[in-house]
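# Working through the structure, step by step
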Amino acid sequence: MSLVFPHTFVPWFRAVAPYIHAYRGKTFVVGLVGEAVAAGKLSVFVQDLAILHAMGVKLVLVHGFRPQVNEQLAAKGHVSRFHRGVRVTDAVALDAAQEAAGQLRFEIEAAFSQGLPNTPMANATVRVVSGNFLTARPVGIVDGVDMMHSGVVRRVDHAAIRRAIENEGIVLLSPFGFSPTGEAFNLTMEDVATATAVALRADKLVFMTEMPGIREHAAERPDDASAPIDTELALADARRILGALPPPALPTDTAFYLQHCVRACEGGVERSHILPFAVDGALLLEVFTHDGIGTMVVDEKLESLREAASDDVAGILTLIEPFERDGTLVRRGRTEIERDIGNYTVIEHDGIIFGCAALYPFPEARTGEMAALTVSPLSQGQGDGERLLKRIEQRARAQGLDSLFVLTTRTMHWFIKRGFVQVDTDWLPEARKRKYDWDRRSQVLVKKLT
């Protein structure tokens, strides 16, 4: 019998409560690659989905079946053929795909039906709903290659899917669609999941993949497997990376899942995610922790999160002045902000600066100070502070820094909730220690970035 330690469990459970509240009633479309099933991850993954379902998240699950179809074709002595990452589906491949899809649907429905004691599925009642929700059309001939029975999604019956998930069912979609004349087409899981997320205006599209995520500097160094994962990409940055990469040929190519994340965000899905199925609980880590795992692509059409320019000095001054006046922030003059404007990141909406933060690196100590983190009272509570923090963390990692520190007199609990720990002032780099204001008695908090 396992022991529960209240001093760790209670704070953890309280920490995830805001996410439970935030996602209740939201719609997630989750794409699961067939490789995850082949690797024996299905049972645990279904348990994690059941937890989300119990917490009020409305779910659509789309399964892939690449390795399962390959196995069926190999058993038939038939060679798998792909073009631009998409299977060329002849009559034999279509039969193999139908067999593989039927077997996988059976396994997934069985996994949702289990209710063993002492597992997350105990007392769970999960109803799986499937049907002919997809209309498809042929891919046709691409680069002179006849794709035969390979298709793309033409229409998603989003009204029927919405009714099913509103009635507390989990909708299960296989990558198959039918034409109005009844012809079957083999689709890709990625196309089905993306089209469904767009049609439902889902809150999240999540791909459980072979990839750990999108690596930093992927556009400049696509083959650098040692680069850290970029945990958050603005849609504009994701587009830039895609534009610098060749068309994907394999699912492990950087552009393969990223292209679908971009398409989803452009179609109205606020956030799309690329997560590694190899990490146990990756879906829960992404949904219920601040830092998450893998890569999230964020649509920032309404707000622009960007590095500051000289034209932003007046807006930054206007934003921070009330907080300087009440003593929350250290006073900074126009000259200082103009001099350091390259250190600042801002959130702009309709030409107005609603948030800012600055990064002052101390490379000799491999650390950096985040200063002047400010969010307008008009937009507080909407996550802008966290977005600024994440961008400053990304900038610090890009500069090779191992940690980030802040000095604060009033907001230490906000930082502690986001992974910072309090340290003594002696921890500060010598250059920063010499400028420490002993009259303010600011608390020093540090967050490791590696």
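Above this text you will find the structure in question.
Below, the structure is looked at part by part.

### Quick word on the overall build of the chain
- Along its length, the chain carries 15 helices and 23 strands.
- The C-alpha atoms of the chain give 25 Å as radius of gyration, which agrees with the globular expectation for 450 residues (22 Å, within 12%).
- With the principal axes as the frame, the chain shows a C-alpha extent of 75 × 55 × 40 Å.
- Burial status across the chain gives 50% buried among its 450 residues.
- Sequence separation of at least 24 residues holds for 70% of the intrachain contacts in the chain that already meet a minimum separation of 6.
- On the chain, roughly 21,300 Å² of surface is accessible, and the fraction owed to carbon and sulfur atoms is 54%.
- With 49 positive and 56 negative side-chain charges, the chain shows a separation of 3 Å between the mean positions of the two kinds.

### Here we look at helix 5 (residues 91-113)
- Helix length check: helix 5 (23 residues) gives 33 Å between terminal C-alpha atoms against 33 Å at 1.5 Å per residue, within 8%.
- Those residues of helix 5 that fall on the buried side of the exposure criterion are A93, L94, A96, A97, A100, A101, L104, R105, I108, A111 and F112.
- At the N-terminal end of helix 5, a side-chain oxygen is found 3.2 Å from the backbone nitrogen of V92, two or three residues along, and the residue is D90.

### Looking at the sheet that holds strand 23 (residues 443-448)
- The sheet built from seven strands is open, its strands ordered 17-18-19-20-21-23-22 with mixed pairing. Lying at the two open borders of the sheet, with one neighbouring strand each, are strand 17 (304-307) and strand 22 (421-423). Strand-to-strand, the axes of this sheet are offset by a mean angle of 30°, without reference to chain direction.
- Taken together, the six bridges between strand 21 (residues 403-408) and strand 23 define a ladder with antiparallel strand orientation. In the sheet register, S403 faces strand 23, and the bridge partner there is K448.

### Observations regarding the sheet that holds strand 1 (residues 27-32)
- Across the sheet, which stays open at both edges, the eight strands sit in the order 5-10-2-1-13-15-16-14 with mixed pairing between neighbours. The sheet is open, and its two edges are formed by strand 5 (127-129) and strand 14 (232-234), each paired on a single side. Geometrically, the sheet is characterised by an average inter-axis angle of 20° between neighbouring strands, direction not taken into account.
- Set on the sheet, helix 8 (residues 235-244) makes contact with strand 14 and strand 16 (295-298); between it and strand 14 the angle comes to about 90°.

### Some remarks on the packing of helix 3 (residues 42-54) against helix 5
- At a closest axis distance of 9 Å, the pairing of helix 3 and helix 5 adopts a crossing angle of 55°. Classified by the interaxial angle, the pair formed by helix 3 and helix 5 is oblique. The crossing of helix 3 and helix 5 is right-handed. For the pair formed by helix 3 and helix 5, the contact residues are L42, V46 and L49 on the first element and E107, I108, A111 and F112 on the second.
- In the contact of helix 3 with helix 5, the residues fall into six nonpolar, no polar and one charged.

### Things to note about the pattern of salt bridges
- All told, the structure shown has 27 salt bridges when counted by the stated rule.
- As a salt-bridge pair, K76 and E99 come within 3.4 Å of each other at their nearest N and O atoms. A residue pair is termed long-range when its members are at least 10 positions apart, and K76 in the loop between helix 4 (66-75) and strand 3 (82-83) and E99 in helix 5 qualify at 23 residues.
- Taking the relative accessible area as the measure of exposure, K76 reaches 41% and is therefore partly exposed.
- We classify E99 as partly exposed; its relative accessible area is 38%.
- The partner of R240 in a salt bridge is E220, with the nearest N and O atoms 3.5 Å apart. Taken together, the positions of R240 in helix 8 and E220 in the loop between strand 13 (204-209) and strand 14 put the pair 20 residues apart, joining distant regions of the chain.
- A network of salt bridges, in which partner residues are shared, links E35, R66, E190 and E210.

### Overview of the environment of A193
- Within the fold, A193 resides in helix 7 (residues 189-200).
- Judged by relative accessible area, A193 falls into the buried class, the value being 0%.
- Expressed as a C-alpha distance, the spacing of A193 and V206, which sit 13 residues apart in the sequence, is 8.6 Å.

### Here's the deal with helix 4
- Taken as a whole, helix 4 has its buried residues at R66, Q68, V69 and L73. Taken down its axis, helix 4 places every buried residue within 165° of arc, on the same side. Exposed residues lying more than 90 degrees from the buried face of helix 4 are E71, A74 and A75.
- Remark: G77 follows helix 4 within two positions and exhibits a positive phi of approximately 70°.

### A few points about the packing of aromatic side chains
- If you walk through the whole model with that rule in mind, you get twelve aromatic pairs.
- Ring geometry for F256 and Y257: centres 5.0 Å apart, planes at 85°, overall edge-to-face. As far as the burial class goes, F256 and Y257 line up, both buried.
- Taken together through their ring pairs, the aromatic side chains of F9, W12 and F13 make up a single cluster.

### Remarks on a nonpolar patch on the surface
- Residues F9, W12 and F13 make up a contiguous nonpolar surface patch of roughly 330 Å² in combined accessible area.
- By secondary structure assignment, the location of W12 is in helix 1 (residues 6-23).

### Overview of the packing of helix 8 against helix 9 (residues 254-266)
- At a minimum axis distance of 10 Å, the contact between helix 8 and helix 9 shows a crossing angle of 140°. As judged from the angle between their axes, helix 8 and helix 9 are oblique. For the pair helix 8 and helix 9, the crossing hand works out as left-handed. Contacts between helix 8 and helix 9 involve L235, A238, R239, I241 and L242 on the former and, on the latter, A255, L258, Q259, V262, C265 and E266.
- Its residues assigned to classes, the contact of helix 8 with helix 9 comprises eight nonpolar, one polar and two charged.

Reading guide: rules and limits
- Residues numbered from 1 in each chain as written.
- Predicted model: local features only at pLDDT ≥ 70, side-chain atom pairs only at ≥ 80, totals over all residues.
- Heavy atoms only, no water.
- Helix = DSSP H or I, 4+ residues; strand = E, 2+ residues; numbered from the N terminus.
- Rg over C-alpha atoms; globule rule 2.2 N^0.38 Å.
- Buried < 20%, exposed > 50% of the residue type's maximum accessible area, 1.4 Å probe, protein only.
- Contact = heavy atoms within 4.5 Å.
- Areas by Shrake-Rupley, 256 points an atom, 1.4 Å probe, with all protein chains shown as cover.
- Lys, Arg positive; Asp, Glu negative; His and termini not counted.
- Charge placed at Lys NZ, Arg CZ, Asp CG, Glu CD.
- Expected span 1.5 Å × (residues − 1).
- Polar contact = N/O pair within 3.5 Å; in protein donor to acceptor, adjacent residues only side chain to side chain.
- Pairing = 2+ DSSP bridges.
- Axes fitted to C-alpha atoms, helices over the stretch in contact; angles between N-to-C directions.
- Parallel < 35°, antiparallel > 145°, perpendicular 65-115°, else oblique.
- Left-handed = near helix turned anticlockwise from the far one by under 90°.
- Nonpolar A, V, L, I, M, F, W, Y, C, P; charged D, E, K, R; others polar.
- Salt bridge = Lys/Arg side-chain N within 4 Å of Asp/Glu carboxyl O.
- Arc of directions from axis to C-beta.
- Phe/Tyr/Trp six-rings, centres within 6.5 Å; stacked < 30°, edge-to-face > 60°.
- Patch = residues over 30% accessible without salt bridge, like charges linked within 9 Å, V, L, I, M, F, W, Y side chains within 5 Å.

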